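Coordinate inspection notes
Now for the letters of each chain:
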Amino acid sequence: MSDTPRISNIRHIVPVELAGRSYDIVIGRGVLSEAGERIRTVCPGGRAAIVTDSHVAKHHLPQLEAMLASAGIASKALVLPPGEKTKSFAALESVCDAVIAARLERGDAVIAFGGGVIGDLTGFAAAIVRRGMRFIQIPTTLLSQVDSSVGGKTAINTHHGKNLIGAFHQPVLVLADTALLDTLPEREFRAGYAEVIKYGLLGDKDFFDWLESGAWRRVFAGGPEREEAVRISCASKAVIVARDETEQGDRALLNLGHTFGHALEAAVGYDGTRLVHGEAIAIGMRLAFDFSQEQGLCSGQDALRVRRHFETVGLPVSLAQVPGGTGTAETLLDAIRQDKKVARGALTFILVRGIGESFIAKDVDARIVREFLERQLVRDI
Ligand code: GLY
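Residues numbered from 1 in each chain as written. Predicted model: local features only at pLDDT ≥ 70, side-chain atom pairs only at ≥ 80, totals over all residues. Heavy atoms only, no water.

**Let's talk about the layout of surface pockets**
- Approximately 200 Å³ is the volume attributed to the second largest pocket.
- Of the residues assigned to the lining of the second largest pocket, the class counts are six nonpolar, four polar and two charged. (1 Å grid on protein atoms, 1.4 Å probe; cavity = no way out; pocket = protein on both sides within 12 Å on 5 of 7 lines; lining within 4 Å. Points joined across faces, edges and corners; volume = space filled by probe spheres on them. Nonpolar A, V, L, I, M, F, W, Y, C, P; charged D, E, K, R; others polar.)

**What about the pattern of salt bridges?**
- Taken as a whole, this structure holds 27 salt bridges when the rule is applied.
- For Lys153, the salt bridge is made with Glu247, and the minimal N-O distance between the two is 2.6 Å. Residue Lys153 is located in strand S7 (residues 153-158), and its partner Glu247 is located in the loop between helix H8 (224-243) and helix H9 (258-267); the two are separated by 94 residues in the primary sequence.
- Note that Asp209 and Arg305 form a salt bridge whose closest N and O atoms lie 2.7 Å from each other. Here Asp209, found in helix H7 (residues 205-221), pairs with Arg305, found in helix H11 (residues 300-313); they are 96 residues apart in sequence, far enough to count as distant.
- By relative accessible area, Arg305 is classed as partly exposed at 21%.
- A network of salt bridges, in which partner residues are shared, links Lys205, Asp209, Glu212 and Arg305. (Salt bridge = Lys/Arg side-chain N within 4 Å of Asp/Glu carboxyl O. Helix = DSSP H or I, 4+ residues; strand = E, 2+ residues; numbered from the N terminus. Buried < 20%, exposed > 50% of the residue type's maximum accessible area, 1.4 Å probe, protein only.)

**Let's talk about the sheet that holds strand S5 (residues 109-114)**
- In space, the seven strands of this open sheet follow the order S1-S2-S9-S6-S5-S3-S4, with mixed pairing throughout. The open sheet has two edge strands with one neighbour each: strand S1 (12-16) and strand S4 (74-80). This sheet shows a mean twist of 15° between the axes of neighbouring strands, independent of strand direction.
- Here five bridges tie strand S3 (residues 47-53) to S5, and the two strands are oriented parallel to one another. Looking at the pairing, Ala49 lines up with Val110 of S5.
- Taken strand by strand, helix H1 (residues 35-42) contacts S1, strand S2 (23-28), S5, strand S6 (134-139) and strand S9 (173-177), and its axis lies near 170° from that of S9.
- Relative to the sheet, helix H4 (residues 116-128) contacts S3, S4, S5 and S6, its axis offset from that of S5 by approximately 165°. (Pairing = 2+ DSSP bridges. Axes fitted to C-alpha atoms, helices over the stretch in contact; angles between N-to-C directions. Contact = heavy atoms within 4.5 Å.)

**Describing the environment of Ala71**
- Summarising the element assignment, Ala71 is placed in the loop between helix H2 (54-70) and S4.
- Note: C-alpha distance between Ala71 and Arg40 (31 residues apart in sequence) is 7.0 Å.
- Not counting chain neighbours up to four residues away, the residues in contact with Ala71 comprise Gly36, Glu37 and Arg40.

**Quick word on empty space enclosed by the protein**
- This model, assessed by the stated rule, comprises one cavity of 30 Å³ or more.
- The wall of the largest cavity is formed by Asn255, Gly257, His258, Thr259, Phe260, Gly284, Ala288, Phe349 and Ile350.
- Counting residues per element, the ones that place at least two in the lining of the largest cavity are H9, helix H10 (277-294) and strand S10 (347-354).
- Here the lining of the largest cavity takes three residues from H9, the largest share from any one element.
- Across the lining of the largest cavity, the residue classes tally to four nonpolar, five polar and no charged.

Listed below in structure tokens is the structure:
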């Protein structure tokens, strides 16, 4: 993907400040090679359970196991099938069993080594086995490095929907090795980049300007801008999580684009070949900007800049780009009503006054949203 050295000794440390449960996010190329010593520092016990998927295991598991062994940590790995279906009760049972069978105690480590699916599932198991085990995140996708590995949300899915059963359980350490992203399929990297842009759009116009002005190319190519983008994203999230760990208020800003996006994911039956999460929220963020513009909240110029940047990097922006279609406006609205951010029947959206100026809008009128979606379905190309 690039001629950048695979390993570099630049490390960014982003603290997540939570009373009595603060932890560091360590970001850099080659951080995986320091996993043993870094984990030993926060987990003084000599054992670890690693939960991963077969893709990650093939490329990187032997290295993690060797690093743990060299720090005197005995590990056992559980390798699960990749994909969203793994966030299930059945997989949760396997992870809990594996942690108990490995005779892990409170000072030992439960390690999630993978993307958002592995992180959410393993974190939930770590939250409930022995009423809470020390948990380490080693995220291997861009999306999980900038979003799901940070902030302690853990969950599995049920047939009623995604992430409906879960807990807040903060990790004690996050190791984000940006070199692991070199082997990600381009579509997955690009979808993760949608979550990077999100931090610019929701509260940091300078970050969006920087990405838009060309830094995005070097983020994709694996230059030092990649570490910088991960650092800025994690730092933004850390501030919000420290302020509102359990999403009583501001943390909801992290859901910019997600209310529309989740409805699109539901419309394709969570079929990741048609639409992956990052693509859905790219369309969702573009819709949030256009909706805000139509409501007279945000300038047309900002809405257009957002659309253009997504198009430049190859992210989808319109309903017409969803393979197989999205169904009617009413179907999408039904999915929005099912969203857990709906409070007492009123629709809650994250809207914007411009790039970097998001806010929580409660009591959004469903009729206006339906009319907006109807217009998008007709004219969206
Ligand atoms: N992914 C949104 C959050 O962590 O709150």
